[in-house]
Amino acid sequence: MLSVVVSGLRGRWASFLGGFLALVLGVGMLTATGLGLAAVLDPPGRAPERFASSPVVVLGQDRLTVEVRRGPGTALVSRPLDRPQPVDTALLRELRTRWTLTENPADVRHPDAVGLGAPADLVRAVVGDRAQVLTGAERRRADPDHERDGHELTGLNALLGTAGGVAAFVSVFVVASVFAFSVALRRREFGLLRTSGATPGQVRRLLLAEATALGVTASAAGCALGGLAAPPMARALVDRGLAPEWFAHAAGGSAGWPYHLAFWTGLCVALAGAVAAAHRAGRTGPVDALREADVDRDVLPPGRALLGAGLLAAGLGLLVWTYATEPEALLKRKTYTTLPMLLTGGAALLAPLLVRPVARLLPVPRGGAVGLLVRENGAAAVRRTAAVAAPVLVTVALAGTLFGASESVARAKETEARERTAAAYVAEGPAVKLPPRTDGGAVVAASGPTSLFVRDGAEAVVKYGARAVADPAAFAELSRLPVVAGDLRDLDDRSIVVNEEFERRRVGEEVEVWRADGSGPVRLRVAAVLARGTGDNGPYVTRAQAPGAVLDRLESDRPLPAAGDSSAAPAAGNRAAATGLRLVLLLVLLYTVIALASTLLMATSVRGGELASLRLAGATRAQALRAVTGEAVLAVAIGTALGLGVTAAVLGALGAGLAALSAPVVLAVPWLPTGAAAGVCALVAVAASALPAWRLSR
């Protein structure tokens, strides 16, 4: 058996090249992203900066702890505060009487942390539960950029996880497609093996052995490639400001689990892609050695049809369910990244069933023999057409859904930001200052970010990002917020403006909240209720309920020295998300190029007899080439149409979700990325079909 496998791989290396390259690329991406994730999950210890010379740091409480109900009993839940609380004044006096403290001159009156050189056990005995005692690497928690590093690592985690997940998802389809089409082309070979006495089990074991050999070699090469690619990838992320400086050195670390995960995943992908093909090959009968017809039969096995229909139904069902129960989830990156994969996978599996009806709908030229031949050949050779259309479908669908959904959400947020203010001039930036009073009668509304902690029933505490208003009257005059109940003019120091996400949202009800510094709880009366929108509508309080809030936005109906001349500053884009989307599209496009080139080279290389028959029937060499390349373009067009169908379903659900949230419905159809992806696919398809056809038609 082994000698047969080795000789088969050596003799048909060209038919396995596409699957091999796709698997190497997928395993390499998994290895590189895995090494990056290993560095993120276990970052190197960084020396503290603020209290580097102090072996012990006393830090004010930086988490809010609230008792909630858990079943028949209660439990404590914690939520991070925006900033640590100041250290208790009495505790500071007690510490100063015992030891010399290291303090920041800027906040000597109410410091949130102090350093001291004393035994940690003695300090803990004095501090008790009034503050936190930090030693060693934990002293980094007192540094001002500690939270910023956490936010960077969260975005980096999402970027690497998305890239690795898409690599695994697409590689399964590419490898499975290459194996399936290779088996279809080897039908006569398997028929001869059956004629010579081979059992169905032996045929299946032959294919699985080929897949194992391919998987082992490709996975090993991919692991080596990923190990080499991880450091340059990390440096590129650092250069673009998407990762902290230390990531460039840590990503090429010595963690072993990414290599194991990538290797065994690659091997499983190869075997999974070959299982269905091996089962179909085992069903080949001896009579297939004599079959010459090119019209495909039984192109959609029951198992593939059931799996494809299940994925398609699951994707559509989850879209409808999410819209009906939690429409705001449709705006989240996790949703519009994962749900399209279900729809895309289902459509790709059902591609042989969809090829003929879609081909009839596309405007293929009917005049002349070449146009007729293109349409009929594309409809007859369903396996070949579907094998070309499936990777195109995946590329166009992912490009359309990922770019379209992210751009649509960004545009909806920008439109909503413009529409919720009547101010002619807006200034945004860190620590903007209120302008001096003037006699011109200008209305100036200033606000800044804060946080509020609110009970969600009796079982949870939710942290809301809120806005603190400096002048409630000016805020009410200039705001055009989507109020569904109440009046913004009723906002004062003892009230709150909530949105429809709040459990208590009736005007006049009282809401129990904790402030950003953990103080509270206080009971605030609901003055007005806002529509949910894209997630930035409220809550709003006055600065009396937002200790430490810094103004970062000024709105005015007249020009002011502190305000620019823009109607509303657009929200800053998420660079990590945009970079991740471009990386994912490039990765998928590489897979598609490999799949298209491999499939069409295999398919066209066995059409020598067909091309010779065309020439004998009177077709010129140019006409034969136009027929072959026309079929390739038709298959690409079918894949593009199916991909646009998936895009339309996802963007349609997103638009319905925005409407349900009373947010602006501003859908962005990503014609540029989808058109570019389809154009590249068409060029590769034409080249991969024309070159062997030119050689065979000589």
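Just so it is clear, the structure is predicted and the values come from calculations on it, not from any experiment. (Residues numbered from 1 in each chain as written. Predicted model: local features only at pLDDT ≥ 70, side-chain atom pairs only at ≥ 80, totals over all residues. Heavy atoms only, no water.)

## Notes on the overall build of the protein
Of the regular secondary structure elements, the protein holds 19 helices and 15 strands. Counting across all 698 residues of the protein, residues that qualify as buried make up 50%. Of all intrachain contacts in the protein linking residues separated by at least 6 positions in sequence, the fraction that spans at least 24 positions is 80%. Total accessible area computed for the protein in this model is approximately 31,700 Å², and 60% of it derives from carbon and sulfur atoms. (Helix = DSSP H or I, 4+ residues; strand = E, 2+ residues; numbered from the N terminus. Buried < 20%, exposed > 50% of the residue type's maximum accessible area, 1.4 Å probe, protein only. Contact = heavy atoms within 4.5 Å. Areas by Shrake-Rupley, 256 points an atom, 1.4 Å probe, with all protein chains shown as cover.)

## Structural notes on unusual backbone geometry
A cis geometry characterises the amide bond from Gly-520 onward to Pro-521, with omega recorded as 5°. Its place among the elements puts Pro-521 in the loop between β12 (510–514) and β13 (522–530). At Ser-662, a residue that is not glycine, the phi angle is positive and equals roughly 60°. Of the residues examined, Ser-662 reaches a relative accessible area of 46% and is grouped as partly exposed.

## Re the environment of Leu-398
Mapped onto the elements, Leu-398 comes out in helix α14 (residues 382–419). Note: C-alpha distance between Leu-398 and Thr-647 (249 residues apart in sequence) is 7.9 Å.

## Here's the deal with the nonpolar core
Ranked by size, the top nonpolar core spans 32 residues in total, and within it Leu-319, Leu-331, Ile-638, Leu-654 and Leu-658 carry the most contacts. Among the elements of the structure, α11 (333–349), α12 (351–361), α14 and α18 (621–660) are those that each provide at least two residues to this core. Counting residues per element, this core draws most heavily on α18, at nine residues. For Leu-319, the residues in contact, after removing those within four places along its chain, are Leu-330, Leu-339, Leu-343, Ala-649, Val-650 and Ala-653. Counting 31 residues, the second largest nonpolar core, distinct from the first, contains Ala-167, Phe-181, Val-584 and Tyr-591. (Core = buried A, V, L, I, M, F, W, Y, C linked by side-chain atoms within 4.5 Å.)

## Some thoughts on the packing of aromatic side chains
In this structure the tally under the stated criterion is three aromatic pairs. Consider the rings of Phe-263 and Trp-264, whose centres lie 5.1 Å apart with planes at 90°: the pair is edge-to-face. Considering the side-chain rings of Phe-475 and Tyr-540, the 5.0 Å spacing of their centres and the 35° angle between planes classify their relative orientation as tilted. Of this pair, Phe-475 sits in helix α15 (residues 472–478) while Tyr-540 sits in strand β14 (residues 540–542), and the two are 65 residues apart along the sequence. Across the pair, exposure class does not vary: Phe-475 and Tyr-540 are buried alike. Note that Arg-621 overlies the ring of Trp-694, its terminal NZ or CZ placed 3.5 Å from the centroid. (Phe/Tyr/Trp six-rings, centres within 6.5 Å; stacked < 30°, edge-to-face > 60°. Lys NZ or Arg CZ within 6 Å of the ring centre and 35° of its normal.)

## Section: the pairing of β13
Counting buried residues in β13 gives seven out of nine residues, a clear majority hidden from the surface. Judged from the three bridges that link them, strand β10 (residues 483–486) and β13 form a sheet pairing that is antiparallel. Bridged to Ala-485 within β13 is Val-529. One ladder, built from five bridges, connects strand β11 (residues 495–499) with β13; its direction is parallel. When the bridges of β13 are listed, Val-497 appears paired with Ala-528. Of the strand pairs in this sheet, β12 and β13 are connected by four bridges, and their pairing is antiparallel. Paired with Glu-510 across the bridge in β13 is Arg-525. (Pairing = 2+ DSSP bridges.)

## A word on the pattern of salt bridges
The tally for this structure, following the rule as stated, stands at 17 salt bridges. Between Arg-384 and Glu-631 there is a salt bridge, with its nearest N and O atoms 2.9 Å apart. Residue Arg-384 is found in helix α14, and its partner Glu-631 is found in helix α18; the two are separated by 247 residues along the sequence. When the shortest N-O distance is used, the salt bridge between Arg-553 and Glu-428 registers 2.4 Å. One end of the pair, Arg-553, is in strand β15 (residues 553–556); the other, Glu-428, is in strand β7 (residues 425–428), and 125 residues separate them in sequence. (Salt bridge = Lys/Arg side-chain N within 4 Å of Asp/Glu carboxyl O.)

## Observations regarding the side chain of Thr-395
Tracing the backbone shows Thr-395 in helix α14. Within the structure, Thr-395 has its side chain in polar contact with the backbone oxygen of Pro-391 (distance 3.0 Å). Sequence-distant contacts of Thr-395, defined by excluding residues within four places in its chain, comprise Leu-585, Val-588, Leu-589, Thr-592 and Ala-677. (Polar contact = N/O pair within 3.5 Å; in protein donor to acceptor, adjacent residues only side chain to side chain.)

## Observations regarding the confidence of the model for the protein
With 87% of its residues at a pLDDT of at least 70, the protein reaches an overall mean of 81. Confidence scores differ between elements of the protein, with helix α1 (residues 2–11) showing the lowest mean pLDDT of 62 and β14 the highest of 95. Across residues 562–573, confidence stays below pLDDT 50; counting only partners more than four residues off in sequence or on other chains, it has 24 contacts. (pLDDT = per-residue confidence, 0-100.)

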